[in-house]
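A closer look at the structure
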Amino acid sequence: MKSSNLLKPYLALFIEALSVSTSAILVKWAHAPAPVIAFYRLFFTVLFMTPFFVKYVRELKTISKRDWIFSIISGILLAFHFILWFESLNYTSVTSSVVLVTLQPLFAFIGGYVFFKEKLTAGAFFSALLAIVGSAIISWGDFQVSGNALFGDMLALLACVMITGYWMFGQELRKRLSLMTYTYIVYGISSLTLFLYVLAFRISLFTYRKIDWACFILLAIVPTLLGHSLMNWSVKWVSAATVSMSILFEPVGAAILAYFLLGELIQPSQWIGGIFILTGIGIYLWGENRKGSLPVQKSS
């Protein structure tokens, strides 16, 4: 590949990282309940994907009963990930919430060790230890600020657990389904789950400001469609490891955007805890890259 063409995937990854970093900012700007924001993000995503999904419809006939069950579980987990994560942003800062949700790869490693008896390496253990220390530092710092901030941190960690489950089922499904079909089905199931959730709790779906509707649509377009599409395009030209490492830039980008657009200051505990967590994740992803077992998945 020519050097000029080689730069394109890295430029795409930069734009992708910036795109997914806008998620928390758009959620903060939208004055709507977390389940409603989550519903419209996925509803509009599915709506925009529908014209492109038409040529994949035949693939639906080949999906086994087991894969449909896995898809339903994935969709439900994704729905509750968004509810919990978006709700966490009502209590804690963008920086704390996004850094804690970024623990996804390490939660996946823990899940693999507990449920699938995957080998525990010294590097993975050290990475997890760094992440735990970092999480404790952030949580302690937020507790000093208020109990609400600590509650928000706990919601972010629960959101991380949910997205890890989504990852684990999704990895299995992606072995047999095309990216478009897998994404369309899971996002569709997740949208339906969120719709039923909103109805069950009698939350209004329509009484929102124009800026809220703009945020709903932008959440579907920028972090979801643009961000994830660029990620999936980039993996064709650069290694899966390089693409997956871009996850480390999301909390950095989100913190910078939150500072300039929301006026959120980064506390010392967030700086220190964030460095511990991102270092731990970086070491873990580097180790997985060396083994050649690094998955490429993101959720923001």
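Further up the page is the structure itself.
Given the structure is predicted, the values throughout are model-derived calculations rather than measurements.

1. A look at the side chain of T45
- Within the fold, T45 resides in helix α2 (residues 34-53).
- In this structure T45 comes out as buried when scored by relative accessible area, which is 0%.
- Looking at T45, its side chain comes within polar contact range of the main-chain oxygen of R41, at 2.6 Å.
- Those residues in contact with T45 that sit more than four places away from it in its chain are Y187, A220, T224 and L225.

2. Focus: the packing of α2 against helix α3 (residues 65-88)
- Contact pair α2 / α3: the axes reach a minimum separation of 8 Å and the direction vectors enclose 130 degrees. In terms of their interaxial angle, α2 and α3 are classed as oblique. Here α2 and α3 pass one another in a crossing that is right-handed. Of the residues in α3, those in contact with A34, P35, I37, A38, R41 and L42 of α2 are L78, F82, I83, W85, F86 and E87.
- Split by residue class, the contact of α2 with α3 holds ten nonpolar, no polar and two charged.

3. Some points on the environment of A255
- Its location among the elements puts A255 in helix α11 (residues 249-261).
- Separated by 233 residues in sequence, A255 and T22 place their C-alpha atoms 9.9 Å apart.
- If we skip the residues at most four places from it in the chain, A255 touches T95 and I266.

4. Considering unusual backbone geometry
- Phi is positive for R202, close to 55 degrees, though the residue is something other than glycine.
- Along the chain, R202 turns up in the loop between α8 (179-200) and α9 (210-234).
- Its relative accessible area of 79% is what places R202 among the exposed residues.

5. Brief notes about helix α4 (residues 94-101)
- Counting buried positions along α4 yields eight of eight residues, so the element is predominantly enclosed.
- All buried positions along α4 are accounted for by V94, T95, S96, S97, V98, V99, L100 and V101.

6. Some details on a nonpolar patch on the surface
- Judged by side-chain polarity, I110, Y113, V114, F115, L120, F125, F126, L129 and V133 come together as a nonpolar surface patch covering roughly 850 Å² of accessible area.
- Listing elements by their share of the nonpolar patch, those giving two or more residues are α5 (104-116) and α6 (122-145).

7. Re the packing of α6 against helix α7 (residues 147-174)
- The N-to-C vectors of α6 and α7 enclose an angle of 150 degrees; their axes lie 6 Å apart at closest approach. Our classification of the angle between α6 and α7 gives roughly antiparallel. Crossing geometry of α6 relative to α7 is assigned as right-handed. Touching I138, S139, D142 and F143 of α6 are G147, A149, L150, D153 and M154, all from α7.

8. Description of the pattern of salt bridges
- Here the structure, examined in full by the defined rule, presents six salt bridges.
- A salt bridge links E172 to K175; the shortest N-O distance between them is 3.5 Å.
- Residue E172 is classed as partly exposed on the basis of its relative accessible area, which comes to 22%.
- Residues participating in the shared-partner salt-bridge network are R66, D67, E172, K175 and R176.

9. With respect to the packing of aromatic side chains
- Scanning all chains against the criterion turns up 19 aromatic pairs.
- Where Y91 meets F151, the ring centres are 4.9 Å apart and the plane angle is 90 degrees; that geometry is what we call edge-to-face. With Y91 in the loop between α3 and α4 and F151 in helix α7, this residue pair connects regions lying 60 residues apart in the sequence.
- Of the residues examined, F151 reaches a relative accessible area of 42% and is grouped as partly exposed.
- Aromatic rings pair up to connect F39, Y40, F43, F44, F48, F195, Y208, W213 and F216 into one cluster.

Reading the values: rules and limits
- Residues numbered from 1 in each chain as written.
- Predicted model: local features only at pLDDT ≥ 70, side-chain atom pairs only at ≥ 80, totals over all residues.
- Heavy atoms only, no water.
- Helix = DSSP H or I, 4+ residues; strand = E, 2+ residues; numbered from the N terminus.
- Buried < 20%, exposed > 50% of the residue type's maximum accessible area, 1.4 Å probe, protein only.
- Polar contact = N/O pair within 3.5 Å; in protein donor to acceptor, adjacent residues only side chain to side chain.
- Contact = heavy atoms within 4.5 Å.
- Axes fitted to C-alpha atoms, helices over the stretch in contact; angles between N-to-C directions.
- Parallel < 35°, antiparallel > 145°, perpendicular 65-115°, else oblique.
- Left-handed = near helix turned anticlockwise from the far one by under 90°.
- Nonpolar A, V, L, I, M, F, W, Y, C, P; charged D, E, K, R; others polar.
- Patch = residues over 30% accessible without salt bridge, like charges linked within 9 Å, V, L, I, M, F, W, Y side chains within 5 Å.
- Areas by Shrake-Rupley, 256 points an atom, 1.4 Å probe, with all protein chains shown as cover.
- Salt bridge = Lys/Arg side-chain N within 4 Å of Asp/Glu carboxyl O.
- Phe/Tyr/Trp six-rings, centres within 6.5 Å; stacked < 30°, edge-to-face > 60°.

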